[in-house]
Amino acid sequence: MSNKVHLGHTARKRFGQNFLTDGNVINRIVGAIAPDNDHVMVEIGPGLAALTEPVAEAIDKLTVVELDKDLVERLKVHPTLKDKLEIHQGDALQFDFSKLLVPGKKLKVFGNLPYNISTPLMFHLFEYAEQIENMHFMLQKEVVLRLSAAPGSKAYGRLTVMAQYFCQVVPVLEVPPGCFTPPPKVDSAVVRLVPYETKPFPCQDVSVLRHLCSTAFNMRRKTLRNNLKQLLSDSDFEALGVDASRRPEEISVEQYVAMANLLCDKQK
């Protein structure tokens, strides 16, 4: 990996920019992403192209969504990338990913996500889950722990339930601070999210599930009964076989979906 792409661009705090510079780690991540021409390959926030270059090398066309106008200008004149990239300058949180679809091809999405947008961006992408083959994200390690957590653990929360509702979650590798310039203050990790073809626990209305989870995890120290008293009665919990005296992090994804479906039935 040459370092030339890193010259002359100062990492900006406001975009949460830490640039990946470790060649060995980059190769492993590209191997996990497995770029191919059978999917629409989409990178969110290519930054200084540490992943963009090796991924683009392996395929005919790469679509990128980048907010930073300076970096977009740099990509447009990049010697090896300019002919391969389809560049969308803008905010990935507002972006309509369905417009990237090509008949017969699903999306493969990847990126090194800044901490401040990682959770809202994943929630945004889950809306397109049916059109996505898989997603590979470099995140703060604690976010990967939250995505992959099991009920009963401290890391288990709203993000866990929503991510595991839509996707199979597979931690891929850990990436220490020394692999970045400048080194971040935290450990990072790469996670693979594979949207389910058929959801193990289908929900009648995902917005109800989202609202239920937000309400349940609003006060983690309180019991489920306490947090959800506006939504579900003791007889509801009983009918579902859910122990309402437990804390929200002790309740499985399957049980959250069952509660959401009961709420949907009540609203009919």
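Along each chain, the written sequence defines residue order, and numbers are assigned to residues from 1. Only residues with pLDDT of 70 or above have their local features reported here, since the model is predicted, and side-chain atom pairs are shown and tallied only from 80 upward, although totals for entire chains, interfaces and linings are computed over all residues. Side-chain descriptors were evaluated using all non-hydrogen atoms of the structure, hydrogens and water having been removed beforehand.

The name an unreviewed UniProt entry gives the protein is Ribosomal RNA small subunit methyltransferase A, with Shewanella corallii as the organism.

### A look at the environment of Pro202
Helical segments are the DSSP runs of H or I of at least four residues, strand segments are the runs of E of at least two, and each set is numbered from the N terminus. For Pro202, the location among the structural elements is in the loop between β9 (188–195) and α7 (206–216). Judged by its relative accessible area of 55%, Pro202 is exposed. Measuring from C-alpha to C-alpha, the distance between Pro202 and Val257 comes to 7.3 Å, with 55 residues separating the pair along the chain. Filtering out sequence-adjacent residues up to four positions away, Pro202 remains in contact with Tyr165, Val257 and Asn261. When accessible area is computed with a 1.4 Å probe and restricted to protein chains, residues below 20% of their type maximum are described as buried, those above 50% as exposed, and intermediate ones as partly exposed. Should any heavy atoms of two residues lie within 4.5 Å, those residues are counted as being in contact.

### Describing the packing of helix α5 (residues 141–148) against helix α6 (residues 158–166)
Axis lines are fitted through C-alpha atoms, for helices just across the contact stretch, and the angle between N-to-C directions can take any value from 0 to 180 degrees. Between α5 and α6, the least distance of the axes is 7 Å, while the angle of their chain directions is 60°. Between α5 and α6, the crossing angle belongs to the class labelled oblique. Of the two elements, α5 crosses α6, and the hand of that crossing is right-handed. Contacts from Val143, Arg146, Leu147 and Ser148 in α5 reach Leu159, Thr160, Ala163 and Gln164 in α6. Amino acids outside the nonpolar list (Ala, Val, Leu, Ile, Met, Phe, Trp, Tyr, Cys, Pro) and the charged list (Asp, Glu, Lys, Arg) are all regarded as polar, and Gly is one of them. For the contact of α5 with α6, the per-class residue count stands at four nonpolar, three polar and one charged. Put simply, angles under 35 degrees are roughly parallel, angles over 145 are roughly antiparallel, angles from 65 to 115 are roughly perpendicular, and the rest are oblique. In this scheme the handedness of a crossing depends on how the near helix is turned from the far one: anticlockwise by less than a right angle means left-handed, clockwise means right-handed.

### Looking at the UniProt feature "domain: Ribosomal RNA adenine methylase transferase N-terminal" (unreviewed entry) in the protein
UniProt positions are given in the numbering used here, feature names are shortened, and annotations may be inferred rather than shown by experiment. Taken from the UniProt record, the annotation "domain: Ribosomal RNA adenine methylase transferase N-terminal" (unreviewed entry) applies to residues 25–197. Segment residues 25–197 splits into 30% helix and 28% strand. End C-alpha atoms: 30 Å apart.

### Some remarks on the UniProt feature "binding site: S-adenosyl-L-methionine" (unreviewed entry) in the protein
UniProt's entry tags Asn18, Leu20, Gly45, Glu66, Asp91 and Asn112 with the feature "binding site: S-adenosyl-L-methionine" (unreviewed entry), counted in the numbering of this structure. Structurally, Asn18 can be placed in the segment before β1 (19–20). If we ignore the near neighbours within four places in the chain, the residues touching Asn18 are Asn112, Phe180, Thr181, Pro182, Pro183 and Pro184. With respect to the helices, strands and loops of the structure, Glu66 is situated in strand β3 (residues 62–66). With relative accessibility at 6%, the residue Glu66 sits in the buried group. With sequence-adjacent residues up to four places away left out, Glu66 is seen in contact with Gly45, Pro46, Gly47, Leu71, Val72, His88, Gln89 and Gly90. Within the local environment of Glu66, its side chain forms a polar contact with the backbone nitrogen of Gly47, the two atoms lying 3.1 Å apart. Polar contacts here mean pairs of N or O atoms no more than 3.5 Å apart (in protein, one a potential hydrogen donor and the other a potential acceptor; neighbouring residues in sequence count only if both atoms are side-chain atoms).

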